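# Commentary on secondary and tertiary structure
As a plain string of letters, each chain reads:
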Amino acid sequence: MIKHHPQLSLLKTYCAGELPASISVIIAAHIELCPHCQQQVEALTAKAAKDTFTYAYVEDEAEQSEFAEIDFASMIDDITLDDGIDEIKVAQPIELSLNQNTFYLPQVLRNLELSSWASLGKLSRSRVTLEDASLHTSLLHIDADGSVPEHTHNGFEITLLLEGSFKDEMGEYTKGDFIWLDGKHTHNPITEHGCLCLTVSSDSLHFTQGLSKLLNPIGKFIY
Amino acid sequence: MISTTTNNYRSSMKQNASLDGQEIDSKTLSGWLNDIAEKRDKRAFASIFKWFSPKIIGFGRKQFNNPALASELLQETMTNVWRKAHLYNSEKGAATTWVYTVMRNISFDMLRKMQANHEDTLSDDIWPLAEAQNSDEHVFADHLMDKQIAQYLNQLPDNQKQIVQGVYFQDLSQEQLAKNLNIPLGTVKSRLRLALTKLRQHIGADND
Ligand SMILES: [Zn+2]
């Protein structure tokens, strides 16, 4: 049962197409797993459409005359000259084999490349090749009984649990949970049976406790 | 409601837009989309175009603050409406919602291209224009030769069997079938949908 969802305001911005690509991708991945948010998004999109299309926007006279100059008739002719249609690609399961496990990745990743996996102890990470300024998108796998030492986030980190479960000081998370953390939070995720996450982070993690401060290079690794 | 000073320009704007938004009901709009999908109806397309173009241009100006880009958004959006209308499902939502999705997707890719010169077209993966179910029919086709399915096929009413055989065994397009059988394309589609639903129920029941 999914307990953690993107906030309504975030979903609204998502529907308006106003979020960075990587955040849009991780929300889309959550929606594939979450019928509740899927419904929300349908309603929000219908509302955005209604708001956008209820009024003609061509406002002042200058704009209006520019508008009048567009040759709509020839645009229509150009477009309809070609009778072809665009078929959509059939949705194929995207399989990922990792440490003798098979995972299925969200469809939204279908056209994105994954970098080769880098491992550090029980952590494995692959970058999702999605150039998006300072935002990094990754797949992160933690083997059974693995953990990420207590850390805080310099920027923010969004985690979508694709498979398995983990817990931290704030609770237990299961498949589909969407967790947004920022500098206010400090946590130490532990997984008993292993988990696969999709993450978007804006900055490296920062380890906060004792010896694990020595691990700060891992923070860069995960970011 | 409208002050007299702006009355003139409002009414001329109305002429530009040809059809005022409020007066077109959503049934008419989705009817036009279906006509584009099923009959490649250019008049329906021109009507859709006239209704949406001032709104898309207006949205584009807000997004890009540039008339040429707003015009590009219009051209690209309407091209997609023409080429992808078959992905619209009137049972799933209003025509305005679907056209908005098409426009928002193009605008997103255009902005991404402007900001960092990314040539990718991620938007249709983030916000699919059609339900994933639309592809079931194709996936399903791979298994259709299965003997058991052939049996179920025989249990279908003749008019549905005819369509399934035409599409999956004789490789006819739905348009060709409609022509051959002298029935509307919409009928071909709905019979096919019915038949596949029934077949799937059988198969699902056996796999449980
Ligand atoms: Zn949700």
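Structure's up top.
To keep things clear, this report deals only with the structure shown in the data block. (Residues numbered from 1 in each chain as written. Chains lettered and ligands numbered in written order. Predicted model: local features only at pLDDT ≥ 70, side-chain atom pairs only at ≥ 80, totals over all residues. Heavy atoms only, no water.)

So, about the interface of chain A and chain B. With 50 residues of chain A at the contact, the number on the chain B side is 52 residues. In total, about 4,800 Å² of surface goes out of reach between chain A and chain B, with carbon and sulfur atoms giving 61% of it. In terms of surface lost to chain B, no three residues of chain A exceed Phe53, Ile79 and Asp86 of chain A, which account for 16% of the buried area on that side. On the surface where chain A and chain B come into contact, there are 5 salt bridges. With a closest N to O distance of 3.4 Å, aspartate 125 of chain B and arginine 110 of chain A form a salt bridge. Counting the contacts that link chain A with chain B gives 14 residue pairs in polar contact (both at pLDDT 80 or more). Elements with a minimum of two residues in the side of chain A that touches chain B: helix H1 (8–15), helix H2 (21–33), helix H3 (35–54), helix H4 (61–69) and helix H5 (72–81) of chain A. Residue contributions to the side of chain A that touches chain B peak at 8 residues, all from H3 of chain A. Class assignment for the residues of the side of chain A that touches chain B results in 29 nonpolar, 9 polar and 12 charged. (Contact = heavy atoms within 4.5 Å. Buried area = accessible area lost by both parts, 1.4 Å probe. Salt bridge = Lys/Arg side-chain N within 4 Å of Asp/Glu carboxyl O. Polar contact = N/O pair within 3.5 Å; in protein donor to acceptor, adjacent residues only side chain to side chain. Helix = DSSP H or I, 4+ residues; strand = E, 2+ residues; numbered from the N terminus. Nonpolar A, V, L, I, M, F, W, Y, C, P; charged D, E, K, R; others polar.)

All names here are of chain A. Strand order in the open sheet formed by 6 strands is S3-S4-S5-S12-S7-S10, and the pairing between neighbours is antiparallel. Each edge of the open sheet carries a strand with a single partner, namely strand S3 (118–120) and strand S10 (178–182). Adjacent strand axes in the sheet meet at a mean angle of 25 degrees, parallel and antiparallel pairs treated alike. When strand S4 (residues 123–127) meets strand S5 (residues 136–142), the two strands line up antiparallel, connected through 5 bridges. (Pairing = 2+ DSSP bridges. Axes fitted to C-alpha atoms, helices over the stretch in contact; angles between N-to-C directions.)

Here the focus is the environment of asparagine 80 of chain B. All names here are of chain B. Relative to the assigned elements, asparagine 80 resides in helix H4 (residues 67–84). The buried category is assigned to asparagine 80, whose relative accessible area is 12%. Setting aside its immediate chain neighbours within four residues, asparagine 80 contacts Ala85, Trp98, Val102 and Ile106. Reaching out from asparagine 80, the side chain makes a polar contact with the backbone oxygen of glutamate 76 at a distance of 3.0 Å. (Buried < 20%, exposed > 50% of the residue type's maximum accessible area, 1.4 Å probe, protein only.)

All names here are of chain A. Protein ligation of the zinc ion involves His5 (ND1), His30 (NE2), Cys34 (SG) and Cys37 (SG), the donor distances falling in the range 2.0 to 2.4 Å. Classification of the site at the zinc ion rests on its 4 donor atoms, whose angles at the metal span 99 to 120 degrees, yielding the label tetrahedral. Donor residues binding the zinc ion come from one chain and are separated in sequence as H-x24-H-x3-C-x2-C. Here histidine 5, found in the segment before H1, pairs with cysteine 37, found in helix H3; they are 32 residues apart in sequence, far enough to count as distant. With relative accessibility at 28%, the residue histidine 5 sits in the partly exposed group. Given a relative accessible area of 1%, cysteine 37 falls into the buried group. (Donors = N, O, S within 2.8 Å, 3.2 Å for Na, K, Ca; no water. Tetrahedral: all angles 85-135°; square planar, octahedral: opposite > 155°, others 65-115°.)

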